[in-house]
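Letter by letter, the chains look like this.
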Amino acid sequence: MCVELEKLFEKLTTREGMESLFAEVEALGLIVGFLLAMAESLFAFLPLFAIVIININSYGFLLGFVASYSGTVIGSYLVFLLVRYLFRKPAQRYIEKHERLGRMLHFIDTKGFSFLLILLSLPFTPSFAVNVIAALSNMKKTVYLSILIAAKAIMILLMSIVGYDITSFFTSPLQLTLSIIFLVVLYFFSKWYQKYINRKLEK
């Protein structure tokens, strides 16, 4: 067990280890990257940022982006459809017990398009929760799909820019520093926008 943990630690903390990891993922085929991104939409505890980084470094920027983007759009829309048509009642009961979620549902019904477009474009948004609440709203399926297509393209592109060629971080402190700064800016902007929405919900 300790030996396996040491090997995993080495893969995640050395350039050679990460290059080996990306080569192993690439050998599994592009479908694996797609399924990983899709699975994150269904299981919120999976780290989408890490999945995107693995995909773009394993399959190249373009193919990695396509796998991550298509996987998260299809996965998110699948959650939306499952909640709307199969799990609507239990989801509604849960929303009714949480006043803030109920206010957000009302907000989506009245000002949903621009609100969701910006929210889902931000890397630190809890997408699973947004998909569920949107499914309970009066928003049309085609409208939500168009929001996902646009917003996820922006979100995955931002993640890809930060995480591309991550192994070069070991030899380029400047690139690492710029990526961290960019990531911190995205994080604080995400938190600011979420607080802005909270203020709107409380009115």
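Scope of this entry: the structure provided in the associated data block.

So, how was this worked out
Residues numbered from 1 in each chain as written. Predicted model: local features only at pLDDT ≥ 70, side-chain atom pairs only at ≥ 80, totals over all residues. Heavy atoms only, no water. Helix = DSSP H or I, 4+ residues; strand = E, 2+ residues; numbered from the N terminus. Rg over C-alpha atoms; globule rule 2.2 N^0.38 Å. Buried < 20%, exposed > 50% of the residue type's maximum accessible area, 1.4 Å probe, protein only. Contact = heavy atoms within 4.5 Å. Areas by Shrake-Rupley, 256 points an atom, 1.4 Å probe, with all protein chains shown as cover. Expected span 1.5 Å × (residues − 1). Axes fitted to C-alpha atoms, helices over the stretch in contact; angles between N-to-C directions. Left-handed = near helix turned anticlockwise from the far one by under 90°. Nonpolar A, V, L, I, M, F, W, Y, C, P; charged D, E, K, R; others polar.

## Section: the overall build of the protein
- Within the protein one finds 10 helices and 0 strands.
- Counting from the amino terminus, helix and strand elements in the protein follow one another as α-α-α-α-α-α-α-α-α-α.
- Since a compact globule built from 203 residues should have a radius of gyration of about 17 Å, the 19 Å found for the protein is in line with a globular shape.
- If you line up the protein on its principal axes, its C-alpha atoms span 50 × 35 × 35 Å.
- Within the protein, the proportion of its 203 residues that are buried is 42%.
- Summarising the internal contacts of the protein: among those between residues at least 6 apart in sequence, 78% fall at separations of at least 24.
- As displayed, the protein offers around 11400 Å² of accessible surface, 70% of which is attributable to carbon and sulfur atoms.

## What to know about helix 4 (residues 48-59)
- Counted at 1.5 Å a residue, the expected span for helix 4 with its 12 residues is 16 Å, and the 16 Å between its end C-alpha atoms agrees.
- Downstream of helix 4 by a residue or two, glycine 60 has a phi angle that is positive, lying close to 95°.

## Remarks on the packing of helix 5 (residues 61-85) against helix 9 (residues 141-163)
- For the pair helix 5 and helix 9, the least separation of the axes is 9 Å and the interaxial angle reads 145°. Once helix 5 is placed against helix 9, the crossing between them reads as right-handed. Of the residues in helix 9, those in contact with Phe61, Phe65, Ser68, Tyr69, Thr72, Val73, Ser76, Tyr77, Phe80, Leu81, Arg84 and Tyr85 of helix 5 are Lys141, Thr142, Tyr144, Leu145, Leu148, Ile149, Lys152, Ala153, Ile156, Leu157, Ser160 and Ile161.
- Its residues assigned to classes, the contact of helix 5 with helix 9 comprises 16 nonpolar, 5 polar and 3 charged.

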